[in-house]
Amino acid sequence: MGAHWIHGPSPGNPVFCLATRYGLLGPEAAREENQQAEAGGHPPLPSVTYGSSGRTLSPQAVSKAHDLFDTLLASARTFLGAKEPPAPSVGQYLRAEIARRVPALAGGEEDARQLQLAILAACLKLECCISGTHSMDLVALEPFGEYVSLPGLDCTFPGGYSSLPDRMLSALPEGTVLLNKAVRTIWWRGSFREEGDKARDFPVRVECEDGDTFLADHVIVTVPLGFLKERHQDFFQPPLPERKAEAIRRLGFGTNNKIFLEFEQPFWEPHQQLLEVVWEDESPLEEPSADLEANWFKKLIGFVVLQPPEQHGHVLCGFIAGKESEYMETLSEAEVLGTMTRVLRTLTGNPRLPAPRSVLRSRWHSTPYIWGSYSYVAIGSSGDDIDVLAQPLPEDPEDSRPLQLLFAGEATHRTFYSTTHGALLSGWREAERLNNLFAAPSPAPRL
């Protein structure tokens, strides 16, 4: 329900390196040419593109629109450090560039031009999923190029993404990791003692929802940015410094959900792995409908076919981002299944297409300790806010009780935010920060 791919599976990706070391990947991922391919963080071109008129769209038309969008998106990454970028947001920049090209699109032929615009609108929705945002109008243009896409064709874990943390956890002593232990408050800058022990005090106390408490010299906080946005005022006592609270407020955090549909038999061809959806009356130059109840499903970018079917059965995994995705979370599974059935019958032009036998969807925005999916650099924020979020507390490096609170997670990595490898690297960064502290002569700390 969470992470799906290893993005950029190559030697510079620690998730890929660990998975390779543990033997968790298939032979395709290990091929050198796959590791060197420049995919730009995007899936390959769709195997089939369905239009809302019930027809399969021309691969040539689809490829042409995707090539244009990829070119424009690459140019949006060139304004890092610009004092006066041409637009505040990535979305505004892309729409302005598309508008400039409208007269020449598809040789000026009206129906073909409208189709190109509709496919470009679908590309923008895909980019919303990749960036974890409701709209690319919310994503700041100037820092957009600071994000780094690693080379390599995205791959998956044959045994599921959980096979990696399971393997990592197996090396730890039993009982090291406590699950279902929700934290209510982290008290810091304190002087806390365990009952009956007057010899030692600790600056941090972690108070759990069930009343249990843990005393520590250092706590690494890895909660999602969405949770910090909702709860940081009361989650930390005393509250976080204003500079860090401002960074939390400015950075963006959105929702990207999955909808899994299981079928008795596939309606797609065996070679098809990605089914793209295009609503043929849409254009990136027009505002999308704000009527979520009537149109939420139009934000769906398409479906990935889970591979191999021998392991997963005949399952499609749809992706949907933004407010529409959050609205989907409020619906019952029966409502989602019914809507998806109607959508697929419309797209395939087959009113008798059998309904999926089951549906399963993520609900990341409704999950109380998460409140969304992953971060992006919003208008008004920059990579500096990511660095401020990552800065440990207390801020004074000369404080006698240093590194009481350390911060990790994808939203604290300046160039790999929104990724699992960014999250992993940020955890290693904070562990190394503590290692360096422990290397200096001091009393034995407690984590």
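Notes on the structure in this doc start here.

About the thresholds
Residues numbered from 1 in each chain as written. Predicted model: local features only at pLDDT ≥ 70, side-chain atom pairs only at ≥ 80, totals over all residues. Heavy atoms only, no water. 1 Å grid on protein atoms, 1.4 Å probe; cavity = no way out; pocket = protein on both sides within 12 Å on 5 of 7 lines; lining within 4 Å. Points joined across faces, edges and corners; volume = space filled by probe spheres on them. Helix = DSSP H or I, 4+ residues; strand = E, 2+ residues; numbered from the N terminus. Nonpolar A, V, L, I, M, F, W, Y, C, P; charged D, E, K, R; others polar. Patch = residues over 30% accessible without salt bridge, like charges linked within 9 Å, V, L, I, M, F, W, Y side chains within 5 Å. Areas by Shrake-Rupley, 256 points an atom, 1.4 Å probe, with all protein chains shown as cover. Salt bridge = Lys/Arg side-chain N within 4 Å of Asp/Glu carboxyl O. Buried < 20%, exposed > 50% of the residue type's maximum accessible area, 1.4 Å probe, protein only. Contact = heavy atoms within 4.5 Å.

**Things to note about the layout of surface pockets**
In this approach a probe as big as a water molecule rolls over the atoms, and the regions it shows empty are the leftover space.
Phase 1: In this model, the second largest pocket occupies a volume close to 650 Å³.
Phase 2: Looking at the second largest pocket, it is lined by 26 residues, and the ones nearest its centre are Lys125, Glu286, Glu287, Pro288 and Lys299.
Phase 3: Of all the elements in the fold, those that place two or more residues in the lining of the second largest pocket are α6 (110–131), α10 (292–295) and α12 (322–329).
Phase 4: For the lining of the second largest pocket, the element with the most residues is α6, which contributes 4 residues.
Phase 5: Partitioned by chemical class, the residues of the lining of the second largest pocket number 9 nonpolar, 5 polar and 12 charged.

**Observations regarding a nonpolar patch on the surface**
Phase 1: A surface patch of nonpolar side chains, amounting to about 380 Å² of accessible area, comprises Leu169, Leu172, Val177 and Leu179.
Phase 2: With respect to the helices, strands and loops of the structure, Val177 is situated in the loop between α7 (163–169) and β2 (183–187).
Phase 3: Residue Val177 is classed as partly exposed on the basis of its relative accessible area, which comes to 43%.

**Some words on the environment of Val343**
Phase 1: As for its placement among the helices and strands, Val343 is situated in helix α13 (residues 333–348).
Phase 2: You can call Val343 buried: its relative accessible area is 4%.
Phase 3: For Val343 and Gly54, which are 289 residues apart along the polypeptide, the C-alpha to C-alpha distance reads 9.9 Å.
Phase 4: If we ignore the near neighbours within four places in the chain, the residues touching Val343 are Trp279 and Phe297.

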